[in-house]
Amino acid sequence: MARKPAARQWDFWIDRGGTFTDVVGRRPDGTLTAHKLLSENPEAYADAAVQGIRDLLGLKPGEAIPPSQVGAVKMGTTVATNALLERKGDRTLLLITKGFGDALKIGYQARPKIFALDIVKPELLYKRVAEVDERVRADGTVEREPDLDAVRADLAAAKADGIDAVAIVFMHAYRFPEHEKRVAALARDMGFSQVSVSHEVSPLIKLVGRGDTTVVDAYLSPILKRYVDRVADEMQGGVSALPADDTIRLMFMMSSGGLTAAELFQGKDAILSGPAGGVVSMAETGKQAGFDRLIGFDMGGTSTDVSHFDGEYERAFETEVAGVRMRAPMMLIHTVAAGGGSILHYDGARFRVGPDSAGANPGPACYRRGGPLAVTDANVMTGKLMPDLFPKIFGPAQDQPLDDAAVKHAFNNMAQKVGNKTPEDIADGFIKIAVENMANAIKKISVQRGYDVTRYALNCFGGAGGQHACLVADSLGMTKVLIHPFSSLLSAYGMGLADIRATREQAIELPYGAKALAALKNTGAALGKDVRQEVAGQGVPAA
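About the cut-offs
- Residues numbered from 1 in each chain as written.
- Predicted model: local features only at pLDDT ≥ 70, side-chain atom pairs only at ≥ 80, totals over all residues.
- Heavy atoms only, no water.
- Helix = DSSP H or I, 4+ residues; strand = E, 2+ residues; numbered from the N terminus.
- Buried < 20%, exposed > 50% of the residue type's maximum accessible area, 1.4 Å probe, protein only.
- Contact = heavy atoms within 4.5 Å.
- Areas by Shrake-Rupley, 256 points an atom, 1.4 Å probe, with all protein chains shown as cover.
- Lys, Arg positive; Asp, Glu negative; His and termini not counted.
- Charge placed at Lys NZ, Arg CZ, Asp CG, Glu CD.
- Pairing = 2+ DSSP bridges.
- Right-handed = clockwise from strand over helix to strand, strands pointing away.
- Polar contact = N/O pair within 3.5 Å; in protein donor to acceptor, adjacent residues only side chain to side chain.

*Asks:* Honestly, the overall build of the protein chain in this entry has me stumped. Any pointers?
*Replies:* Summing up its helical and strand segments, the protein chain has 14 helices and 24 strands in all. In the protein chain, buried positions account for 52% of the 543 residues. Nonlocal contacts in the protein chain, meaning residues at least 24 apart in sequence, comprise 67% of its contacts between residues at least 6 apart. When the accessible area of the protein chain is evaluated, it comes to approximately 24700 Å², of which 52% is carbon and sulfur surface. Side chains of the protein chain give 62 positive and 65 negative charges; the mean places of these two sets differ by 3 Å.

Listed below in structure tokens is the structure:
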């Protein structure tokens, strides 16, 4: 049943980061309110995003969220990103054409560190590989039909070992997918909960890129589905793609900068779910302020994301994240491990910031959880962060301020080891190192690509961005810094500014000519029809 106009309902825009979860709530009267809480606080709540909604609605812990009060929840999440970084996705079986079992392991034989003597290869995402005795040639000639009985035996063995996700990648299947379709149907009939098929996930030429993307999708999609289910369980009546009276509309931000319904959210589209919202918001708020050239500077608790905007969004279609290659449209964002939670190191000879992070649990030393010294502590030590003006959300009851005494004690101990510097000088030195790391990241996406960064405005956001924006701008020779009223929650704010989007891609291999132009027209029309139906299915009216 269609829902009545949501004039008396809340909307929630949420960014679940590595350290903090940011929530922007739009009240029934249209005014906005902001809320920030730790992404991990197991003593207080199971999920930060759901708890943020409860806090703003005034509900008790554990109380179901009533659909009568909520219009839509739009969320960016690092669930898939963290699972990829920490290699905590689902155990996955790779089914691939016989003779190509090592193809994804070999990859493109690239050596990014050509002079390294100790070469550490990224851990493979799939747990097991089974070769399928099938083959279709490049012209579509079927050389060998798949032996479904042998495939069934491989699938049964994987199922018996607890593997429940399957990635299917056959030679030339992007053009001739019949064999993949048969094997996928068999896997689904046998009860595998996640079956990712290359001709659906990435229907483009090149076995390695298509295969890697399919494996990522199979590896991460179950994690996302469980998270969506967990959020739905907290909401009375569950969630839906369309506005309805008895359910809450739940949407997620994709890496490409568009929103999609929770049930359509796939692992391959989730890698930059949170940061993509920041890019959208950076561009939109910058345009509203009259700037057409912007550098996005998003400094959170775990990392800093930088992006470039000069009138249109920049997207990458082939990229590598955490040593994993994938082909999926995603915002062009450069990340450096320098956030408020980046740990400060002194090895007896030099200072170093990161790349490891204290995260939300235990967090920096000032979080009252016994954590190590981090960039946030350096700002407390130098007086840039004042405990009296910071939210009192720490301690067992979440009602205590930052612990500046623990910070001073830790820096005093470090000063004794260093010997010739005051605690304040040491803290300031660490801040300078972090600033240089972030300035170099911005140079990578601007100066190194031929853009004159001094002609841009620095749109600063993220929980730790305001503390460092002017220092970063000075380091780069930038003269304009934009700080939005919602700067510390701008990625969450971007969820509310983003559009619902759908994308499709398809390879066409024909010599340029009338036949190719006709194929482009027909294929474009078919793909356009698919995406229009997908967007319309999420409640977007036809233009």
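*Asks:* How should the pairing of strand 9 (residues 165-169) be read in this particular structure?
*Replies:* In regular strands, side chains alternate between the two faces of the sheet. In terms of burial, strand 9 is largely enclosed, as five of its five residues are buried. In strand 9, alternate side chains face the same way, and those of A165, A167 and V169 on one face and V166 and I168 on the other are all buried. With four bridges connecting them, strand 9 and strand 10 (residues 194-197) associate as parallel partners. Along strand 10, the bridge assignment pairs V166 with V195. With helix 5 (residues 178-189) bridging strand 9 and its parallel neighbour strand 10, the resulting β-α-β unit is right-handed.

*Asks:* Help me out: how do you make sense of the side chain of T285 in this one?
*Replies:* By secondary structure assignment, the location of T285 is in helix 8 (residues 273-288). T285 has contacts with N459, L482, H484, L490 and Y493, leaving out every residue within four places of it along the chain.

*Asks:* Looking at this structure, I do not really get helix 1 (residues 48-57). What am I missing?
*Replies:* Burial within helix 1 is extensive, with nine of its ten residues counted as buried. Those residues of helix 1 not exposed but buried are A48, A49, V50, Q51, G52, I53, R54, L56 and L57. Summarising the contacts, the buried residues of helix 1 are in contact with strand 1 (10-16), strand 2 (20-26), strand 3 (32-38), strand 4 (70-77) and helix 7 (207-233). For helix 1, the side-chain oxygen to backbone nitrogen distance between the N-cap and A49 is 3.2 Å, and the N-cap itself is D47. G58 occupies a position one or two residues after helix 1 and carries a positive phi of about 75 degrees.

*Asks:* Could you clarify how one ought to interpret unusual backbone geometry in this entry?
*Replies:* Peptide bonds are, in most cases, trans, and in most cases residues other than glycine have a negative phi. In this structure, H172 is a non-glycine residue whose phi angle is positive, near 60 degrees. When you line up the elements, H172 lands in the loop between strand 9 and helix 5.

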